[in-house]
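# Fold and geometry: a report
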Amino acid sequence: MSTPNGDAGRSDALVLFGATGDLAYKKIFPALYAMVKRGDLAAPVIGVARSMWDLERFQVRVRDSIAQDGGGIDDEHALGRLISLLGYVSIDYSDPATLAALRGALGDATRPAYYLAIPPSVFETVIAGLGGAGLADAARVIVEKPFGRDLASAKELNRFARSVFSEDSIFRIDHYLAKEEIMNLLYFRFANSFLEPIWNRNYVASFQITLAEDFGVEGRGAFYETAGCLRDVIENHLFQVVALLAMEPPTYRDFGALHSEKTDVFKAMKPLAADDLVRGQFVGYQNEPGVAKDSDVETFCALRLHIDSWRWAGVPWYLRSGKRLPKTVTEILVELKPPPQKLFEDSWPPDSPANYLRFRLAPDASIALAARVKRAGEEFLGDQRELLLLDTQPNKESPYERLLSDAMAGNGALFTREDTVEAAWAVVERVLATHHRSQPYKPGTWGPKQADKLIAPNGRWHNLAPADAASKQPTQ
Ligand code: NDP
């Protein structure tokens, strides 16, 4: 399977709504710089925002972002080329007449890509404005996350976007999908034959996926109050990981088939109920700027999922994520069932499965297969060992670089499709409205104790990744 190269025609201008914002500064300008260096961007880049900036101020902002957040300026010539591509238009979104200025800035461009790096509350206003001004014909729209905040709002945004743009012109970003380690999950599963015989309910005991951060809300309390952990990372990033791990092989070599298989995983998930979820809030969150003193928003969430399919019936999937946890790590642990007979005293180690696959996604990337190996001596006792299958080199290409390049080429492989987005929201629909209160947890711990109870019937959370343990003894 290869990613299509966008035979639909490359976008001949990039219009960046929200050009004065945080995301543009931290991620998008460095990505554009990298694209110019690679020879992947020669089209005009028009910054759009309400702020009454002139072009010179915008150019200074772009240069500053690359110097501060883009790893520094190492190619003045490329930076000069990027600066020469820039334009800036100030727009009042409530006055469609001001969009006329955008038409002038687009010049001869016939297939612009509009990137909405703006608060979601203005997505529909901008899409409507583009449609009303006749600026959407043959154009593409790239929509930042979150795509809706529940099933109803996602459906409404889809309906709205589809009334102006066709589905293959809408690019819904989940930047996780463009991470090298995530793309490798798909590759690893279907480029190898040894996995398939064991990749099912007969051999797999459970899945655990952890996305832990040792930092808090970092001054973004007001934003976090509107999101919470379930919406911010689980329903999108971790669900996409589940879909890649759980999906059936696509029946044909096209990314449309991949999207369909992922959608089927979400459709087979049992909708979550309140008891499937443990919500937590770190002590001190309510004192963060922008956070309500009586906030119940969760900064930690652990949940148990079931996928009602022939392959996965009866296999629990445990997902958790949180802020102010002991370390920053993203890891998948696939626990395999123990051997059927206890031939040796330690055949069934109490604290850890004898065999598991461990996918470390961040901060470093690796894949490990765990097995027990006999210790030298008379007794038949062993140690837990890991066969390290892969230790990837860091990818120099950032997800945003890849995503912008793909969207401008009309390649939707690494974006989410309308039905996939809605099927994922449907799984969490009930618990967004009906859930238990957030339980407090101390910063630097692995969340509230109730999360341990959630997993207890099937084992325990693996809080210390084996690669971190000096002795490489069984996981905790
Ligand atoms: P900002 O809050 O920085 O807003 C971006 C720009 O949008 C602002 O500079 C402002 O520009 C404009 N804006 C703000 N409020 C409004 C409003 N009510 N109406 C119209 N324009 C407004 O957002 P971010 O840059 O942080 O995020 C942009 C998008 O990217 C959001 O959808 C967010 O969810 C998503 N995102 C952000 C990430 C991040 O790390 N920041 C990470 C992942 C996704 P002006 O006033 O000049 O028009």
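About the thresholds
Residues numbered from 1 in each chain as written. Predicted model: local features only at pLDDT ≥ 70, side-chain atom pairs only at ≥ 80, totals over all residues. Heavy atoms only, no water. Helix = DSSP H or I, 4+ residues; strand = E, 2+ residues; numbered from the N terminus. Buried < 20%, exposed > 50% of the residue type's maximum accessible area, 1.4 Å probe, protein only. Near = heavy atom within 4 Å. Polar contact = N/O pair within 3.5 Å; in protein donor to acceptor, adjacent residues only side chain to side chain. Areas by Shrake-Rupley, 256 points an atom, 1.4 Å probe, with all protein chains shown as cover. Nonpolar A, V, L, I, M, F, W, Y, C, P; charged D, E, K, R; others polar. Domains from an automatic or database assignment. Contact = heavy atoms within 4.5 Å. Buried area = accessible area lost by both parts, 1.4 Å probe. Salt bridge = Lys/Arg side-chain N within 4 Å of Asp/Glu carboxyl O. Pairing = 2+ DSSP bridges. Axes fitted to C-alpha atoms, helices over the stretch in contact; angles between N-to-C directions. Disulfide = S-S within 2.5 Å. Right-handed = clockwise from strand over helix to strand, strands pointing away. Lys, Arg positive; Asp, Glu negative; His and termini not counted.

## As for unusual backbone geometry
Along the chain, Lys 145 connects to Pro 146 via a cis peptide bond; the corresponding omega equals 0 degrees. Its place among the elements puts Pro 146 in the loop between β5 (140–143) and α6 (151–164). With an omega dihedral of 5 degrees, the bond running from Ala 362 to Pro 363 counts as a cis peptide bond. Residue placement: Pro 363 occurs in the loop between β12 (356–362) and β13 (366–374). The phi dihedral of Ala 138 is positive, around 65 degrees, even though this residue is not glycine. Of note, Ala 138 is situated in the loop between α5 (123–132) and β5. Even without glycine at this site, Glu 218 takes up a positive phi of about 50 degrees. Looking at Glu 218, the relative accessible area reads 59%, which means it is exposed.

## Side note on the site of the ligand
Surveying the vicinity of the ligand reveals 21 residues, the closest of which are Thr 20, Asp 22, Leu 23, Arg 50 and Ser 51. In this structure, an oxygen atom belonging to the ligand sits 3.2 Å away from a main-chain N or O atom of Gly 21. One of the backbone N or O atoms of Lys 145 is found 2.8 Å from an oxygen atom in the ligand. Considering the ligand on its own, with 870 Å² of exposed area, one finds that the protein chains cover 76% of that surface. With 3 residues, the top contributor of residues to the shell around the ligand is helix α1 (residues 22–37). Looking at the shell around the ligand residue by residue, the class counts come to 11 nonpolar, 4 polar and 6 charged.

## Some points on the domain arrangement of the protein chain
Taken domain by domain, the protein chain comprises domain 1 (13–144) and domain 2 (177–469). On a C-alpha basis, the centres of domain 1 and domain 2 stand 34 Å from each other. Taken together, the contacts link 18 residues of domain 1 with 10 residues of domain 2. Summing the contributions of domain 1 and of domain 2, the shared interface buries around 1100 Å²; its carbon and sulfur component is 68%. Joining domain 1 to domain 2, the criterion identifies 2 salt bridges. The partner of Glu 397 in a salt bridge is Arg 38, and the shortest N-O contact between them spans 3.0 Å. Our enumeration of links across domain 1 and domain 2 arrives at 5 residue pairs in polar contact (both at pLDDT 80 or more). For the side of domain 1 that touches domain 2, the secondary-structure elements that each account for two or more residues are β1 (13–17), α1, β4 (112–116) and β5. Per-element accounting of the side of domain 1 that touches domain 2 gives the leading share, 7 residues, to α1. Taken together, the residues of the side of domain 1 that touches domain 2 sort by class into 13 nonpolar, no polar and 5 charged.

## Structural notes on the sheet that holds strand β2 (residues 45–49)
Strand order in the open sheet made by the 6 strands is β3-β2-β1-β4-β5-β6, with parallel pairing throughout. Every other strand in the sheet has two partners, leaving β3 (86–90) and β6 (170–172) as the edge strands with one partner each. Averaged over neighbouring strand pairs, the angle between their axes works out to 20 degrees when direction is ignored. Of the strand pairs in this sheet, β4 and β5 are connected by 4 bridges, and their pairing is parallel. The residue of β5 that forms the bridge with Leu 116 is Val 143. α1 rests against β1, β2 and β4 of the sheet, and its axis sits at about 170 degrees to β1.

## A short note on the state of the cysteines
For the structure shown, the criterion picks out 0 disulfides. Cys 229 takes part in no disulfide bond, and the closest cysteine sulfur, belonging to Cys 301, lies 5.4 Å away.

## A word on the pairing of β5
Neither face of β5 is left uncovered, since the one carrying Arg 140 and Ile 142 and the one carrying Val 141 and Val 143 both have all their residues buried. A crossover links β4 with its parallel partner β5, the connecting element being α5, and its sense is right-handed. With 3 bridges connecting them, β5 and β6 associate as parallel partners. Bridge pairing in β6 places Val 143 opposite Arg 172. A crossover links β5 with its parallel partner β6, the connecting element being α6, and its sense is right-handed.

## A look at the side chain of Glu 335
Relative to the helices and strands, Glu 335 is located in strand β11 (residues 329–336). Arg 460 is the oppositely charged side chain nearest to the buried, salt-bridge-free Glu 335, at an N-O distance of 8.5 Å. Within the structure, Glu 335 has its side chain in polar contact with the side chain of His 462 (distance 2.7 Å). Not counting the four nearest positions on each side in its chain, Glu 335 is found in contact with Tyr 203, Val 204, Ala 205, Ser 206, Gln 208, Pro 353, Asn 355, Tyr 356, Asn 458, Arg 460 and His 462.

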